[in-house]
Amino acid sequence: MVIERIINNSVVSALDENGREIVVMGSGIGFGKKRGQTCDESRIEKIFRMEDEDVLTRFQDLLAKLPLEYIQVSNDIISYAKRELGIPLNQNVYITLTDHISFALERFQENMNFTNALHSEIRRFYPTEYAIGLHALQLIEEKTGTRLPEDEASSIALHLVNAELNLRVRDMWVLTEIMDRIMEQIRDYLPIQKADSLEMDWLLSDLKFMVCRMLTLKPLKENGDSRMRTYVEACCPELMKAVADTAALLQKEYKCHMTEEEQLYLVVILLRIRDLYA
């Protein structure tokens, strides 16, 4: 690997065997080196390959100003998250999460602690990501000696959900808020007794992807089944009204359009849950 740029003593930009630019991390890997020299492969701890050139540049700029342990712990968290979630994550998470951890640690050291207003909702709607966030706090403490408050687990969880769904982080706050509003509208029709039940997992998973679709404004064709609608309206008119009211609220307050098909789908999910508890 030929060094293209020295980012700091522990991180360099290099060209791989195919001439593609990569970021190479390892203790002392850039010390005393110059552009054009080869990397000491025995020092390599991690290689980052970014598909997007803009993401690569932003990542390099971020690495140039951060302590190595912040970079290492962020990478450890992302690697753990990938194993636990079993799905690929958008590469932007290397930038957003690393930057967030750095900011959170600096803020904590200056006694500037802020509570996460959506902490309870995030813990409820994204239990797997929240559990990863709790584990992340342990990794951060082991690497830096600082134990961040539990609210940070929910903030880390949001970055992971963002990387799953490829939304901007600010959109994740809106997504979580919208899911909470939907739950408020339909809570009276839920016979679920435990928040951590399998049925609740089904519902929240479906809601998450439905709201994500609405936030990204990806159009869906209106393919409502008139026979299905007639059947559902006949057997549970109160539930149809609740979901229709929910759709109207989302349109008015968030400019999110829930199609007729999505409304029927949500009603069917609720009916399925109700039948399980009948």
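Computed from a predicted model, the values in this text were never measured in an experiment.

*Asks:* Outline the packing of aromatic side chains, supporting the account with residue identities and numerical values.
*Replies:* Scanning the model with the defined rule gives 4 aromatic pairs in all. The interplanar angle of 75° and the centroid separation of 6.4 Å between the aromatic rings of Phe 125 and Tyr 126 together place this pair among those described as edge-to-face. You can call Phe 125 buried: its relative accessible area is 4%. What links up through ring pairs into an aromatic cluster is the set Phe 48, Phe 59 and Tyr 94. If you follow Lys 46 out to its NZ or CZ, it ends over the ring of Phe 48, 5.5 Å from the centre.

*Asks:* Before we move on, can you summarise a nonpolar patch on the surface with the specific residues and values?
*Replies:* On the surface, Met 228, Tyr 231 and Val 268 cluster together into a nonpolar patch covering about 280 Å² of accessible area. Structurally, the position occupied by Met 228 is in helix α9 (residues 226–235). Exposure remark for Met 228: the relative accessible area of 34% places this residue in the partly exposed category.

*Asks:* Talk me through the confidence of the model for the chain; I want residue IDs and the actual numbers.
*Replies:* Segments scoring low in pLDDT should not have their predicted coordinates read at a detailed level. Of all residues in the chain, 90% have pLDDT values of 70 or greater, and the mean over the chain is 83. Mean pLDDT across the secondary structure elements of the chain bottoms out at α9, with 77, and peaks at helix α5 (residues 127–144), with 95.

*Asks:* Break down the sheet that holds strand β1 (residues 2–8) for me, with residues and values.
*Replies:* Strand order in the open sheet made by the 4 strands is β1-β2-β3-β4, with antiparallel pairing throughout. Only two strands of the sheet have a single partner each, and these edge strands are β1 and β4 (46–48). Going across the sheet, the axis of each strand differs from the next one's by a mean of 25°, ignoring polarity. Inspection of the sheet shows β1 paired to strand β2 (residues 11–15) by 5 bridges, in the antiparallel sense. Across the sheet, residue Asn 8 finds its bridge partner in β2, namely Val 11.

*Asks:* Explain the nonpolar core to me, using residue names and the numbers behind them.
*Replies:* If you look at the biggest cluster of nonpolar residues, it comprises 43 residues, and the most contacted ones within it are Tyr 126, Leu 175, Met 183, Leu 203, Leu 207 and Leu 250. Contributions of two or more residues to this core are made by α4 (119–125), α6 (151–165), α7 (169–186), α8 (198–215), α10 (237–254) and α11 (260–276). Looking at this core, the element that brings in the most residues is α8, giving 9 residues. If we ignore the near neighbours within four places in the chain, the residues touching Leu 250 are Ile 178, Ile 182, Met 214, Lys 255, Cys 256 and Met 258. Judged by nonpolar contacts, the second largest core, of 40 residues, contains Tyr 70, Leu 85, Leu 105 and Leu 160.

*Asks:* Tell me about α6, and name the residues and values.
*Replies:* Since there are 3.6 residues in each turn of an α-helix, residues three or four apart along the chain are aligned in direction. Its 15 residues give α6 an end-to-end C-alpha distance of 22 Å, which sits within 8% of 21 Å, the value for a rise of 1.5 Å per residue. Among the 15 residues of α6, 14 are classified as buried, and the element is accordingly described as predominantly covered. Phi turns positive one or two residues past the end of α6, at Asn 166, with a value near 65°.

*Asks:* I'd like a rundown of the pattern of salt bridges, residues and numbers included.
*Replies:* Enumeration according to the criterion identifies 12 salt bridges in this entry. With a shortest N-O distance of 3.6 Å, Asp 40 and Arg 43 are connected by a salt bridge. Ionic pairing is found between Glu 152 and Arg 107, a salt bridge with its closest N-O pair at 2.5 Å. Taken together, the positions of Glu 152 in helix α6 and Arg 107 in helix α3 (residues 93–109) put the pair 45 residues apart, joining distant regions of the chain. Given the relative accessible area of 5%, Glu 152 is considered buried. Accessibility expressed as a relative area gives 12% for Arg 107, which makes it buried.

*Asks:* Report on unusual backbone geometry, specifying residues and quantitative values.
*Replies:* Even without glycine at this site, Lys 255 takes up a positive phi of about 60°. With respect to the helices and strands, Lys 255 occurs in the loop between α10 and α11.

*Asks:* Before we move on, can you summarise the pairing of β2 with the specific residues and values?
*Replies:* Where a strand is regular, its side chains alternate between the two sheet faces. Among the 5 residues in β2, 4 count as buried, and that is most of the element. A loop of 2 residues connects β1 with β2, the two strands running antiparallel in sequence. Pairing of β2 with strand β3 (residues 21–25) involves 5 bridges; the strand directions are antiparallel. Opposite Val 11, over in β3, you have Met 25 as the bridge partner.

About the cut-offs
- Residues numbered from 1 in each chain as written.
- Predicted model: local features only at pLDDT ≥ 70, side-chain atom pairs only at ≥ 80, totals over all residues.
- Heavy atoms only, no water.
- Phe/Tyr/Trp six-rings, centres within 6.5 Å; stacked < 30°, edge-to-face > 60°.
- Buried < 20%, exposed > 50% of the residue type's maximum accessible area, 1.4 Å probe, protein only.
- Lys NZ or Arg CZ within 6 Å of the ring centre and 35° of its normal.
- Patch = residues over 30% accessible without salt bridge, like charges linked within 9 Å, V, L, I, M, F, W, Y side chains within 5 Å.
- Areas by Shrake-Rupley, 256 points an atom, 1.4 Å probe, with all protein chains shown as cover.
- Salt bridge = Lys/Arg side-chain N within 4 Å of Asp/Glu carboxyl O.
- Helix = DSSP H or I, 4+ residues; strand = E, 2+ residues; numbered from the N terminus.
- pLDDT = per-residue confidence, 0-100.
- Pairing = 2+ DSSP bridges.
- Axes fitted to C-alpha atoms, helices over the stretch in contact; angles between N-to-C directions.
- Core = buried A, V, L, I, M, F, W, Y, C linked by side-chain atoms within 4.5 Å.
- Contact = heavy atoms within 4.5 Å.
- Expected span 1.5 Å × (residues − 1).

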